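Structural characterization, general
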Amino acid sequence: MVPSEPIVDEIRVHSRKLVRELGFTGRGFAGTDLSPSSVHALLEIEKGDVAARDIGDALHMDKSSVSRMLRKLIDAGWVSEESGDADNRVKHLSLTSAGKSQVGRINHFARQQVQAAIERLTPEQLHIVSNGLRLYGEALARTPTPATISIQSGYMPGIMARITELHALFYARTVGFGQAFESVVASGLAEFGYRLGNPKNAIWTAIRDDQIIGSIAIDGEDIGPGKAHLRWFIVDDSARGSGVGKLLLDTALAFVDAERFIETHLWTFSGLQAARHLYESRSFNLAEERPGSRWGSEVLEQRFVRPAKPDEG
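Keep in mind the model is a prediction, meaning the values are calculated, not measured.

Right, let's get into the overall build of the chain. Of regular secondary structure, the chain possesses ten helices and ten strands. Classification of the 313 residues of the chain by burial places 35% in the buried group. Accessible area for the chain stands at about 18300 Å²; split by element, carbon and sulfur atoms hold 54% of it.

For helix α9 (residues 244-258), built from 15 residues, the straight-helix expectation of 21 Å at 1.5 Å per residue is met to within 8% by its first-to-last C-alpha distance of 21 Å. Of the residues making up α9, those classed as buried are V244, G245, K246, L248, L249, A252, L253, F255 and V256. Positive backbone phi, at 60 degrees, marks R260, one or two positions downstream of α9.

Quick look at the pattern of salt bridges now. Considering all chains together, one arrives at 18 salt bridges under this definition. A salt bridge links E280 to R276, with the shortest nitrogen-to-oxygen separation between them at 2.9 Å. Here E280 pairs with R276, and both are found in helix α10 (residues 273-281), just four residues apart, close to one helical turn. Residue R276 is classed as partly exposed on the basis of its relative accessible area, which comes to 24%. Where salt bridges share partners, they join E191, R195, D219, E221, D222 and R231 into one cluster.

Angle between the axes and distance between the axes: these two values describe a pair of packed helices. Look at helix α3 (residues 52-59) against helix α4 (residues 63-75): their axes get within 10 Å of each other, and the N-to-C directions meet at 115 degrees. The element α3 and its partner α4 pack so that their crossing is right-handed. On the side of α3, the interface is formed by A52, I55, G56 and L59, while α4 contributes V66, M69 and L70. Among the residues making up the contact of α3 with α4, the classes are represented as six nonpolar, one polar and no charged.

A surface patch of nonpolar side chains, about 430 Å² in accessible area, is lined by L18, L22, L121, L126, V129 and L133. Positionally, L22 belongs in the loop between α1 (5-21) and α2 (36-46). A relative accessible area of 34% places L22 in the partly exposed class.

Examined against the element boundaries, T264 turns out to sit in strand β8 (residues 263-269). Taking C-alpha positions, T264 is 5.8 Å from K227, a pair spaced 37 residues apart along the chain. Look past the residues within four positions of T264 in its chain and what remains in contact with it is A228, L230, V256, F284, F304, V305 and R306.

Before going further, it helps to examine the sheet that holds strand β4 (residues 149-153). Whether parallel or antiparallel, the strands of a sheet pair through hydrogen bonds between backbone atoms. A sheet is described by the order of its strands in space; here seven strands give the open sequence β4-β5-β6-β7-β8-β10-β9, paired in mixed fashion. Looking at strand neighbours, the two that pair on one side only are β4 and β9 (285-292), the edges of this open sheet. Going from strand to strand, the sheet's axes swing by 25 degrees on average, the running direction of each strand aside. As paired elements, β8 and strand β10 (residues 299-307) share seven bridges and run antiparallel to each other. Directly across from T264, in β10, lies its bridge partner R306. Along the sheet, α9 makes contact with β4, β5 (202-208), β6 (211-219), β7 (227-235), β8 and β10, crossing β7 at roughly 165 degrees. Running at roughly 15 degrees to β10, α10 makes contact with β7, β8, β9 and β10 of the sheet.

Conventions we followed
Residues numbered from 1 in each chain as written. Predicted model: local features only at pLDDT ≥ 70, side-chain atom pairs only at ≥ 80, totals over all residues. Heavy atoms only, no water. Helix = DSSP H or I, 4+ residues; strand = E, 2+ residues; numbered from the N terminus. Buried < 20%, exposed > 50% of the residue type's maximum accessible area, 1.4 Å probe, protein only. Areas by Shrake-Rupley, 256 points an atom, 1.4 Å probe, with all protein chains shown as cover. Expected span 1.5 Å × (residues − 1). Salt bridge = Lys/Arg side-chain N within 4 Å of Asp/Glu carboxyl O. Axes fitted to C-alpha atoms, helices over the stretch in contact; angles between N-to-C directions. Left-handed = near helix turned anticlockwise from the far one by under 90°. Contact = heavy atoms within 4.5 Å. Nonpolar A, V, L, I, M, F, W, Y, C, P; charged D, E, K, R; others polar. Patch = residues over 30% accessible without salt bridge, like charges linked within 9 Å, V, L, I, M, F, W, Y side chains within 5 Å. Pairing = 2+ DSSP bridges.

Quick look at the structure:
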C-alpha cells in the first residue's frame, strides 16, 4: 500500500515532536550534558559483548565519528576497551564503575520521563502506543537483516560433530588446544546426548542457511541437585557480532529460570574477555580460578556462577 501524502506529513509532524520532546534538539539530553549519540553509545555498551564497530552499526555512524566519540567517553572514565581474543584490531568495550553509575542516572531519568507521559494514557492507549512505536521503528530500519538465524532446540543429525568442530577450530587458534581438547569435547557431547531425554537437560543450536553456527547446552544432572551446568557455548567466527551469542545465552537462561535451578555454573578460561563481559552482563560472577592442563596446555580455568533469578511479585 502506498500511503497518502497527508498521512506521510502527519507522521513527520509527530516524529519531529517526539524528537523535540525527548530532548534530541537541545542541551541536557537524558538529564546529562552528553550528546544523544554518546548517551546511546553508553546504553549499547551496557548490554555487554559490544565492540567499537558494533556502535557504528547500531547508531548509523561512520568509523571516524565513533572513534572520536568513544575516545571522549574513555577519557571521561566511563568506558574501558580491551583487544579482542583473536584479533587485536577489534576493541571490546565495557562500562567502568563510573560509567555504570552514569548509565544508572540516564535510565532513571528516562524511566521518569516515559512514566510521566504514559500516566496520561488509558491501558488501551498505552498498548496502541507501544505497538505503534515498535512497528514504526522496525519500518524505519535502514538495513535489512542479511540472513535469518533461528534457534533450534534438541538433537539434529550432525549436531555433535559440528559443535565439536566449532570448539576445536576456535580454541586451536586462540589458545593452542589440540587433540586432547577436541577428544574431551567430543566424548562429553556423546555422553550428554544419551541424557537428553531428561527434561532438566537441553541443547540449542543457532542455524543459518541450514548450517549450525552456534550452540549452547544446559546439563541439569552433572554438578548436583538444583544446579545447572552451562556447557558447549560457542559461536562461529562468521556470526560473531551478530547478536547470536546473546540470543543463545538468553534462551538457555530462560530455560534455567523456568526450571527453577538454584544456580547456574559455567567453566571458561582467563583471557576470553568478550565472553566474560557477556557472562557478567547476565549476572554471572567469578567464583573460582585455578590452573588446569587437562585440555592439552596449561590455562587458568575460571568458574562463573549465576544465582537463581529472584521471584517476581
